[in-house]
Amino acid sequence: VDGVNWRRMKVSNNTNVRSFAIDEKGRIYVGAENDFGFLAPDSVGRMSYHTLLDHLNEKDKDFGDVWKVVAVKDGIYFQSTKKIFHWDGKAIKTWEAEHSFHILFKVHETLYVRQKNFGLTTFKDNRIVLVKGGGAFSNEGIRGMIPYGDNEVLIVTMKRGMYMMHLDDNNDSKSITHVPTKIDD
């Protein structure tokens with residue numbers, strides 16, 4: 001709590017914590033095995049874990065490990081391989097993977113997630129949609145997405161090198177091109 005003294009806190013189902021994020025107000029959000037929530041002071045000011053599972057439908061409660069937690073202006077996203085959840089402070093919206101979610105990235109306040117056997121996707125109008133050129137990553141793991149100026153995103157893959165996603169004025173993908181490097185030879 002004070003940076004010097006530490007104590008262990010458990011999530012509601014006593015499993016392993018996999019991911020953290022801090023929102024703009026300083027609240028810490030936690031992703032664990034079949035659980036996610038946040039840390040907040042209890043009635044005596046002692047920090048404790050508060051699960052958000054009570055806000056889920058019963059059918060959405062078996063989702064596995066939450067590998068990534070991302071804070072954006074409109075709330076918090078929790079990503080497992082089976083589902084992505086969005087907490088807006090009042091309710092949770094759930095998206096289910098068609099195949100399997102790989103890694104969730106935040107670039108320029110836009111979220112991207114690779115779906116295995118589908119490609120690189122983003123969120124549009126409460127749906128997850130393939131970005132233009134995103135099908136090239138259906139069978140290639142993406143390890144990083146890094147802003148490159150205002151209108152480009154550098155994409156780092158597991159085996160096929162680097163790519164540049166060129167964005168339009170709405171931050172939508174216009175095209176994705178391979179970035180040649182010496183390691184490609």
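As shown above, the structure is provided for reference.
Remember, predicted model here, so these are calculated numbers, not experimental data. (Residues numbered from 1 in each chain as written. Predicted model: local features only at pLDDT ≥ 70, side-chain atom pairs only at ≥ 80, totals over all residues. Heavy atoms only, no water.)

Draft legend 1. Up close: the sheet that holds strand E6 (residues 75–80). The strand order across the open sheet built from four strands is E5-E6-E7-E8, with neighbouring strands paired in antiparallel fashion. Looking at which strands have only one partner, the edges of the open sheet turn out to be strand E5 (66–72) and strand E8 (92–96). Along the sheet, successive strands turn relative to each other by an average axial angle of 15°, direction set aside. When E5 meets E6, the two strands line up antiparallel, connected through six bridges. Across the sheet, the residue bridging to Val 72 is Gly 75, located in E6. (Pairing = 2+ DSSP bridges. Helix = DSSP H or I, 4+ residues; strand = E, 2+ residues; numbered from the N terminus. Axes fitted to C-alpha atoms, helices over the stretch in contact; angles between N-to-C directions.)

Draft legend 2. How the structure looks around the pattern of salt bridges. Following the criterion strictly, the structure yields eight salt bridges and no others. Between Lys 59 and Asp 60 there is a salt bridge, with the nearest N and O atoms lying 3.5 Å from each other. For Lys 59, a relative accessible area of 64% corresponds to the exposed category. Salt-bridge contacts for Lys 106 lead to Glu 109; the nearest nitrogen and oxygen are separated by 3.4 Å. Exposure remark for Lys 106: the relative accessible area of 39% places this residue in the partly exposed category. Linked through salt bridges whose partners overlap, the residues forming this network are Arg 18, Glu 33 and Asp 65. (Salt bridge = Lys/Arg side-chain N within 4 Å of Asp/Glu carboxyl O. Buried < 20%, exposed > 50% of the residue type's maximum accessible area, 1.4 Å probe, protein only.)

Draft legend 3. Region of the structure containing the nonpolar core. Core analysis: the largest hydrophobic core is formed by 17 residues, its most contacted members being Phe 36 and Phe 78. Only strand E3 (35–41), E5, E6 and strand E7 (83–87) provide two or more residues apiece to this core. Counting 15 residues, the second largest nonpolar core, distinct from the first, contains Phe 105, Val 107, Val 131 and Val 153. (Core = buried A, V, L, I, M, F, W, Y, C linked by side-chain atoms within 4.5 Å.)

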